[in-house]
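# Examination of the molecular architecture
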Amino acid sequence: MSLLIGVPKETYPGEKRVATVPDVVEKLVKLGFSVAVQSGAGDAANFGDEAYRAAGAQVIPTAAELWAKSDIVFKVRGPSKEEVGLLREGGKLISFIWPAQNPELMQQLAAKKATVLAIDSLPRTLSRAQKMDALTSQAGVAGYRAVIEAANAFGRFFSGQVTAAGKIPPAKVFIAGAGVAGLAAIGTAASLGAIVRANDTRAEVADQVVSLGGEFVKVDYEEEGSGGGGYAKVMSEGFQAAQREMYAKQAKEVDIIVTTALIPGKPAPKLITADMVRSMKPGSVIVDMAAEQGGNCELTVPHEVTVVNGVTIVGYTDLVSRLSKQSSTLYSNNLLRLAEELCKTKDGIINVNMDDEAIRGLTVVKEGSITWPPPPPKVAAAPAPKAAMPPPPPAHGHGAGAPASAAKVAAMAAVGAILFWLIGTSAPSAFLAHFTVFVLACFVGYMVVWNVTPALHTPLMSVTNAISSIIAIGALIQIAPEVPPGTSRPDELIRWIAVVGIALTSINMFGGFAVTRRMLEMFRK
């Protein structure tokens, strides 16, 4: 018998997202599941009850009835104490849990003999896990929305303009942290026309910042900041001092600061001090995306917007929820991909396979037993180095692989010259001229093509095809040659062969230029 997936209405204050959207309901039904949605669960994200019914879901009026009927519960936020009480004994739950920050919730779920998959615990280093990575999908939405909130609080255009009423300089935006949210913020601010700068403890993201139109600001201190799993680590005191000095300089220069720095299982690091805030120009804006975890700015008030010395500090904790329709769609797609991994038989029955590294990482409670944290990821053994190939034996004489001697080259040249002389003395003068061009063309073609690296053969050949227009010139001469007085015109067969040659060469020419242009477009931004 297939399992019933229940989608309750989120109870966290201000949360507008819903765990499943109507389009995904249809796909879950195709996997063999039944789906039930609490009435009004999608209203805040603009998904009405009728849309869910049309997609094949049941609409259940109350949360208590939904939780009681559901074999699996899809949620966005972790369950409240009341919702844990509604969860069926031995039921299954998939949502954000944050096990390191919520040990009491973990104990409550274990007491219900539940199986809990925390979508925030997905091993992000696995390439196949990207389709299920809700942290990434939601962080991208949050980074975009952070810049929109900054633009709303900022008193000027982002882009510079020159108008009859005066010149408007572009806004200067500094992004602290270039993870997924930071990169989304960089791209959004750059697209709005701002001058964007960014910093991150991981040096490898510098190229990504530049590719999105930003400038990477490096801390004058050498230390690697990657903490594994795509996250940053806690840096040394020396690095933090150099970083604070750089942030203090940026705070005086820029108009907007967006902070995104978070370290899993730890409070948000304090990057922007009160003194830095006071040094900023009046009208400047700080958007603290880490407000829910304490904030990267010392003066951030979670859930609120405050103004200090004319600087607006945005401490919203619901940035993702402010784009509820978009974020709900992305999140529900992440859960759909997870459901596909859990139900590969497409019969509506899930298998929580603890031998699967991705599923093992997600599973924080299995049938009442707390299984978090997961074991360290398996590191693939390095492949054994290939045995070095013995060097080829030195060639002797004129055997294979030996360079041709000067005498051999001279002999080959002499033979070629003799053959050329014999042809020249016996063949008509017109043939000799054509033959000379043919030989030179073969030599030039050989030198052009074979001296080019194979990686460039495709663009090279597309251009050389275009150069083959020389054939068209020869064919035109054959169609309408200069006929000396007293001689006959060319045979009609030759004319028609020349016509066909012109047609084929025209295709070659236009095709060559088209291929070349298309390849060049691939390398243009």
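An account of the accompanying structure is given in this report. Numbers given to residues run from 1 along each chain, matching the order in which its sequence is written. Reporting in this predicted model follows two pLDDT cut-offs: at least 70 for local features of residues, and 80 or more for side-chain atom pairs to be given and counted; totals over whole chains, interfaces and linings ignore these cut-offs and use all residues. Side-chain figures throughout are based on the complete set of non-hydrogen atoms in the structure, without hydrogens or water.

What follows deals with the overall build of the protein chain. The secondary structure listing takes helices from DSSP runs of H or I that are at least 4 residues long and strands from runs of E that are at least 2 residues long, numbered from the N terminus. A tally of regular secondary structure across the protein chain gives 17 helices and 19 strands. Per-residue burial over the protein chain gives 39% buried out of 525 residues. What makes two residues a contact is simply this: any of their non-hydrogen atoms within 4.5 Å. Partitioning the contacts of the protein chain with sequence separation of at least 6, the portion at a separation of at least 24 is 61%. For every accessible area listed, the method is Shrake-Rupley and the probe measures 1.4 Å; residues are considered covered only by the protein chains on display. In the structure as shown, the protein chain presents an accessible area of about 28500 Å², 62% of it carried by carbon and sulfur atoms. Per-residue accessibility, obtained with a 1.4 Å probe over protein chains only, is compared with the maximum for each type, and a residue is labelled buried under 20%, exposed over 50%, and partly exposed between these values.

Further remarks concern the environment of Leu-323. Relative to the elements of secondary structure, Leu-323 occurs in the loop between β17 (311-314) and α11 (324-342). Leaving out residues up to four positions away in the same chain, Leu-323 has contacts with Val-141, Tyr-144 and Arg-145.

For our purposes a nonpolar core is just a set of buried Ala, Val, Leu, Ile, Met, Phe, Trp, Tyr and Cys residues, chained together by side-chain atoms within 4.5 Å. In terms of nonpolar packing, the biggest core is built from 45 residues, with Leu-28, Phe-33, Phe-74 and Leu-338 touching the most fellow members. Counting residues per element, the ones that place at least two in this core are β1 (4-7), α1 (22-30), β2 (34-38), α2 (49-55), β4 (72-74), α6 (134-153), α11 and α12 (357-362). Ranked by the residues each element gives to this core, the list is headed by α11, at six residues. Not counting residues up to four positions away in its chain, the partners in contact with Leu-28 are Ile-5, Thr-20, Phe-33, Val-35, Phe-74, Leu-336 and Ala-339.

Here we come to α11. How far a helix is expected to stretch is found by multiplying one less than its residue total by 1.5 Å. Between its first and last C-alpha atoms α11 spans 26 Å; for 19 residues at 1.5 Å apiece the expected length is 27 Å, and the two agree. Inspection of α11 places Ser-324, Ser-327, Ser-328, Tyr-331, Ser-332, Asn-334, Leu-335, Leu-336, Leu-338, Ala-339, Glu-341 and Leu-342 among the buried residues, and these make up the whole buried set. Contacts made by the buried residues of α11 are with α1, β4, β5 (92-95), β6 (115-118), α6 and α12.

Aromatic rings from Phe, Tyr and Trp, with only the six-membered ring used for Trp, were paired whenever their centres fell within 6.5 Å, and each pair was classed as stacked if the ring planes differed by under 30 degrees, edge-to-face if by over 60, and tilted otherwise. Tallied over the full model, the rule gives five aromatic pairs. Ring plane angle 80° and centroid distance 6.2 Å describe the contact between Phe-154 and Phe-158, whose orientation is recorded as edge-to-face. Pair check on accessibility: Phe-154 and Phe-158 agree, each one buried. Members of the aromatic cluster, joined through ring pairs, are Phe-96, Trp-98 and Tyr-331. Should the NZ of a Lys or the CZ of an Arg lie within 6 Å of a ring centre and within 35 degrees of the ring normal, that charge is described as sitting over the ring. The ring of Tyr-12 has Arg-77 lying over it, and the distance from NZ or CZ to the ring centre is 4.0 Å. Over the aromatic face of Tyr-316 sits the side chain of Arg-322, whose NZ or CZ is 3.7 Å from the ring centroid.

In this section: the packing of α1 against α11. Axis lines are fitted to C-alpha atoms, over the contacting stretch for helices. Their N-to-C directions set the angle, which ranges from 0 to 180 degrees. It is the contact of α1 with α11, at a shortest axis distance of 10 Å, that shows an interaxial angle of 5°. The orientation of α1 with respect to α11, classified from their angle, is roughly parallel. Touching Val-24, Lys-27 and Leu-28 of α1 are Ser-332, Asn-333, Leu-336 and Ala-339, all from α11. Ten residues, namely Ala, Val, Leu, Ile, Met, Phe, Trp, Tyr, Cys and Pro, are considered nonpolar, four, namely Asp, Glu, Lys and Arg, are considered charged, and the remaining ones, Gly among them, are considered polar. Its residues assigned to classes, the contact of α1 with α11 shows four nonpolar, two polar and one charged. Each angle gets one of four labels, with under 35 degrees taken as roughly parallel, over 145 as roughly antiparallel, 65 to 115 as roughly perpendicular, and the rest as oblique.

Helix length check: helix α7 (residues 180-191) (12 residues) gives 17 Å between terminal C-alpha atoms against 16 Å at 1.5 Å per residue, within 8%. Listed as buried for α7 are Ala-181, Gly-182, Leu-183, Ala-185, Ile-186, Thr-188 and Ala-189. Close packing links the buried residues of α7 with α6, β9 (172-176), β10 (195-199) and α8 (206-211). One or two positions beyond α7, positive phi appears at Gly-193, with a value near 100°.

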